[in-house]
Amino acid sequence: MENQELLEIAKRTMQYAYVPYSHFRVGAALLAEDGRVFSGCNVENATYGATICAERTAIVKAISEGARHFSKIAIVSSGQDITPPCGICRQVLMEFMPKGNVVLQDKYGNIQEIAIDALLPMSFCADDIK
C-alpha cells in the first residue's frame, strides 16, 4: 500500500478523535503484513493518564482481530507540524513492528518516513527479558 493511501485513512479516522480537553486530534492507519489496515484515533480522558493515543488504538484493534505483525503506520494530526509517536507508542510499535516504518505528514502535505528503530534507539525488547 502506498504511503498516500495510508495517510488518507489516518486523516479520515482523525475526525473521530475524542478530544474535549486538548482539542488536538490524531489519526493513525496501521498496515499489517497480511495487507489489512487498522485505523485509530486518540481518545482523551479527564484524568489524562487514561488517555490512549491513536497509534495504540490502532495496535489494540489489530491485535484484537488477530493481526500480530505490521510493516508501517501513518500518523497525522490537527497540528501544523508532523506529530511523531510519543515514547509509550514508540515502545508498543517496536514490540509489533521492529523493522517497520512510521510515515508522518504535516498540515502542508510534507511527508517524512522514518524507521521505528531510528525513533527508539536501544529499545527494550523481548530478548532483554531472557
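Here, every reference points to the structure presented above.
Since the structure is predicted, the reported quantities are computational estimates derived from the model, not experimental observations. (Residues numbered from 1 in each chain as written. Predicted model: local features only at pLDDT ≥ 70, side-chain atom pairs only at ≥ 80, totals over all residues. Heavy atoms only, no water.)

A. A look at the overall build of the chain. Helices and strands together make up the secondary structure of the chain, namely 5 helices and 5 strands. Going from the N terminus to the C terminus, the chain shows its helices and strands as α-β-β-α-β-α-β-β-α-α. For the chain, whose C-alpha radius of gyration is 14 Å, the value lies close to the compact-globule estimate of 14 Å for 130 residues. Seen through its principal axes, the chain has C-alpha atoms that stretch 40 × 35 × 30 Å. Looking at the chain as a whole, 43% of its 130 residues qualify as buried. Within the chain, counting contacts between residues at least 6 apart in sequence, those at least 24 apart form 59% of the total. (Helix = DSSP H or I, 4+ residues; strand = E, 2+ residues; numbered from the N terminus. Rg over C-alpha atoms; globule rule 2.2 N^0.38 Å. Buried < 20%, exposed > 50% of the residue type's maximum accessible area, 1.4 Å probe, protein only. Contact = heavy atoms within 4.5 Å.)

B. Quick look at unusual backbone geometry. Phi is positive for histidine 23, close to 60°, though the residue is something other than glycine. Positionally, histidine 23 belongs in the loop between helix H1 (3-14) and strand S1 (26-32). Positioned with a positive phi, tyrosine 48 is a non-glycine residue whose angle comes to about 55°. If you trace the backbone, tyrosine 48 turns up in the loop between strand S2 (37-41) and helix H2 (54-64).

C. Looking closely at the packing of H2 against helix H3 (residues 87-96). Direction vectors running N to C along H2 and H3 enclose 30°, while the axes themselves pass 9 Å from each other. The angle between the axes of H2 and H3 places the two elements in the roughly parallel class. Relative to H3, H2 is oriented so that their crossing is left-handed. Between H2, through Glu55, Arg56, Ile59 and Ile63, and H3, the contact on the second element is made entirely by Ile88, Cys89, Val92, Leu93 and Phe96. (Axes fitted to C-alpha atoms, helices over the stretch in contact; angles between N-to-C directions. Parallel < 35°, antiparallel > 145°, perpendicular 65-115°, else oblique. Left-handed = near helix turned anticlockwise from the far one by under 90°.)

D. Molecular detail of a nonpolar patch on the surface. Taken together, the side chains of Tyr18, Tyr21, Val43 and Tyr48 define a hydrophobic patch exposed on the protein surface, amounting to about 400 Å² of accessible area. Position of tyrosine 21 among the secondary structure elements: in the loop between H1 and S1. For tyrosine 21, a relative accessible area of 38% puts it in the partly exposed group. (Patch = residues over 30% accessible without salt bridge, like charges linked within 9 Å, V, L, I, M, F, W, Y side chains within 5 Å. Areas by Shrake-Rupley, 256 points an atom, 1.4 Å probe, with all protein chains shown as cover. Salt bridge = Lys/Arg side-chain N within 4 Å of Asp/Glu carboxyl O.)

E. Representation of the side chain of lysine 72 within the structure. Within the secondary structure layout, lysine 72 lies in strand S3 (residues 70-77). The side chain of lysine 72 is buried and forms no salt bridge, while glutamate 113, the nearest opposite charge, is found at 4.2 Å. Reaching out from lysine 72, the side chain makes a polar contact with the side chain of asparagine 3 at a distance of 2.8 Å. In contact with lysine 72, not counting residues within four places along its chain, are Met1, Asn3, Leu6, Ala29, Leu30, Leu31, Met97, Asn101, Val103 and Glu113. (Lys, Arg positive; Asp, Glu negative; His and termini not counted. Polar contact = N/O pair within 3.5 Å; in protein donor to acceptor, adjacent residues only side chain to side chain.)

F. Structural detail: the pattern of salt bridges. Using the criterion set out here, one finds 3 salt bridges in the structure. When the shortest N-O distance is used, the salt bridge between lysine 11 and glutamate 8 registers 3.3 Å. Of this pair, lysine 11 and glutamate 8 both sit in helix H1, 3 residues apart, which is roughly one turn of that helix. Across the pair aspartate 34 and arginine 36 runs a salt bridge whose closest N-O atoms are separated by 3.0 Å. Given a relative accessible area of 33%, arginine 36 falls into the partly exposed group.

Distances and angles like these do not, on their own, reveal function.
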